[in-house]
Amino acid sequence: MSSIDVEAVDEVEEGSTEPDDGSVDPTDESDDDGVEVDVEPGIEITSDTPEYVLYGGKGGVGKTTMAAATALASAESGTKTLVVSTDPAHSLSDTFEADISPRPERIREDVPLYAAEIDPDDAMEENAAMFGGGAGAEPGSAGGPEMSAEAGAGTDPQGGLGGLGDLLGGDGPMDMLMGGSMPGSDEAVAIQKLIEYMDDPRFDRVVVDTAPTGHTLRLLELPEIMDTMVGRVLAMRERFSGMLDGVKGMFGGEDVPDEGGVDELRELSERIERLRETLRDPAQTDFRVVMVPEEMSVFESQRLVDQLREFEIPVGTVVVNKVMEDLADVTDDVDADQFVTPNLDSCEFCQRRWDVQQEALQSAHELFRGHDIKRVPLFADEVRGERMLRTVARCLK
């Protein structure tokens, strides 16, 4: 993994080899209805596969499905894999049909598959000491009472500013810097947790299910925003620390700690820069855009690719999901006869949708020329559970 310095999360105790989360054993080739599906327990994952795979796109296109399928295939190849969702509206739990914790936990005992759904409130509380803690912070801000009440216990009550918060009226540093509640707080805590998870030594690969396009772009902007913000906090601390020492001394107050939370802020700034470099390195990161075969989705995906290019983040793969075609046209790794396909001969609705999709697919191939374009068929059944995820994974090969 890359050199984003963090401590590993606590190891999860491993129990018996029988999964207790309702997951399907990879050697079980039948669904609940007894329909046999000819699949292997995993797909080929080569050493060239990037350490970090991020799926992005607008809401409802299937990012969670692609991330879950990729992570499952990676883990079943023997790679220690974490799949993590930064989307506040989580659906990993539904997709895997298992309970997913806000922190990485192993969800399969027979393969090294871990999962986490980042909880913004939980992560805010965990990071309260670094960015907030002022008693006067507004609810919902980085130093607001809902996070400082618990997370502030035993920490510097001035949020690491050594008395600067009280001197300026009790507001937390986020309120001073941002003029109120921090915009994009969900994205802020998400990127902090990503920095932590993407260099956890327990994982050889991290697959990220990102929030819809707007949230994702704000998340990608955060390294620059947070870097600037951290610099301002450090500058303010250094500027006022001497004055605070003098004021405290004049009135017999206690000495202000020399560093407080400054070391943590400096470390965060350095880690943010390393994260930025990691996301820009195609050897380490593959950002995959997911879309559906509709003109609006194609154009939005094009804008996302262009905006990612402005961040110098390369897009290696474009996934077109829910294509009305026979599974056999996409992959021969499964028995496609077990899946229902649209009847284009007698179904007028199917034919019209087929025409719409074909025009969108043509546009996609023209706009994304040079990218690796993958197609995933529209399935009659909802994509939930490991049987269906393995089928999707074969379409992504």
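Cut-offs applied
Residues numbered from 1 in each chain as written. Predicted model: local features only at pLDDT ≥ 70, side-chain atom pairs only at ≥ 80, totals over all residues. Heavy atoms only, no water. Axes fitted to C-alpha atoms, helices over the stretch in contact; angles between N-to-C directions. Helix = DSSP H or I, 4+ residues; strand = E, 2+ residues; numbered from the N terminus. Parallel < 35°, antiparallel > 145°, perpendicular 65-115°, else oblique. Contact = heavy atoms within 4.5 Å. Nonpolar A, V, L, I, M, F, W, Y, C, P; charged D, E, K, R; others polar. Polar contact = N/O pair within 3.5 Å; in protein donor to acceptor, adjacent residues only side chain to side chain. Buried < 20%, exposed > 50% of the residue type's maximum accessible area, 1.4 Å probe, protein only. Pairing = 2+ DSSP bridges. Right-handed = clockwise from strand over helix to strand, strands pointing away. Salt bridge = Lys/Arg side-chain N within 4 Å of Asp/Glu carboxyl O. Phe/Tyr/Trp six-rings, centres within 6.5 Å; stacked < 30°, edge-to-face > 60°.

Caption draft 1: Seen up close, the packing of helix 1 (residues 63-76) against helix 13 (residues 386-395). One way to put it is that helix 1 packs onto helix 13 with a least axis distance of 8 Å and a crossing angle of 90°. What the angle tells us is that helix 1 and helix 13 run roughly perpendicular. From helix 1, T65, M66, A68, A69, L72, A73 and E76 reach across to helix 13, where they touch E386, L389, R390, V392 and A393. Partitioned by chemical class, the residues of the contact of helix 1 with helix 13 number eight nonpolar, one polar and three charged.

Caption draft 2: Examining the side chain of R106 more closely. Relative to the helices and strands, R106 is located in strand 3 (residues 105-106). A polar atom in the side chain of R106 sits 3.4 Å from the backbone oxygen of E109. Within the structure, the side chain of R106 is placed 3.4 Å from the backbone oxygen of V111, a separation counted as a polar contact.

Caption draft 3: Representation of the pairing of strand 7 (residues 315-323) within the structure. Within strand 7, seven of the nine residues are buried, leaving the element largely enclosed by the surrounding structure. By the bridge criterion, five bridges tie strand 6 (residues 285-291) to strand 7 in an arrangement that is parallel. Its bridge partner being in strand 7, R288 is matched across the sheet by T317. Each parallel crossover has a hand, and for strand 6 linked through helix 11 (residues 295-310) to strand 7 it is right-handed.

Caption draft 4: Molecular detail of the pattern of salt bridges. Under the counting rule described, the total for this entry stands at twelve salt bridges. The residue R352 makes a salt bridge to E348 at a minimum N-O spacing of 2.9 Å. Here R352 and its partner E348 are both found in helix 12 (residues 348-367), four residues apart, which amounts to about one turn of the helix. For the pair shown, R352 and E348 are each scored as exposed. One continuous salt-bridge network, built from bridges that share partners, spans E76, R108, D110, E386 and R390.

Caption draft 5: Structural context of unusual backbone geometry. The backbone phi angle of E312 is positive, close to 65°, even though this residue is not glycine. Considering the arrangement of structural elements, one finds E312 in the loop between helix 11 and strand 7. The phi dihedral of K322 falls on the positive side, at around 65°, and the residue is not glycine. A residue is classified by how much of its surface remains accessible, and K322, at 35% relative accessible area, is partly exposed.

Caption draft 6: The packing of aromatic side chains, seen in detail. Within the structure shown, the criterion is met by two aromatic pairs. Here Y114 and F203 contribute two aromatic rings whose centre-to-centre distance is 5.0 Å and whose plane-to-plane angle is 65°, an arrangement assigned as edge-to-face. Highlighted residues: Y114 in strand 4 (residues 113-117) and F203 in the loop between helix 8 (185-197) and strand 5 (205-209), separated in sequence by 89 residues. Exposure remark for F203: the relative accessible area of 0% places this residue in the buried category. Note on F339 and F379: the rings are 5.7 Å apart at their centroids and 55° apart in plane angle, and the pair reads as tilted.

Caption draft 7: Spatial organisation of the pairing of strand 8 (residues 372-377). Where strand 7 and strand 8 come together, six bridges link them in parallel fashion. If you follow V318 over to strand 8, its bridge partner there is I373.

Caption draft 8: The arrangement of the environment of K58 in detail. Checked against the element boundaries, K58 lands in the loop between strand 1 (52-56) and helix 1. Residues K58 and L304 lie 246 residues apart in sequence; the distance between their C-alpha atoms is 9.2 Å.

Caption draft 9: Geometry of the sheet that holds strand 5. Spatial strand order, 3-4-2-5-1-6-7-8: eight strands in an open sheet with mixed pairing. Looking at which strands have only one partner, the edges of the open sheet turn out to be strand 3 and strand 8. With five bridges connecting them, strand 2 (residues 81-85) and strand 4 associate as parallel partners. Bridge assignment links V84 to a residue of strand 4, and that residue is A116. Strand contacts of helix 1: strand 1, strand 2, strand 4, strand 5, strand 6, strand 7 and strand 8, with the helix running at about 165° to strand 5, the strand carrying the most contacts.

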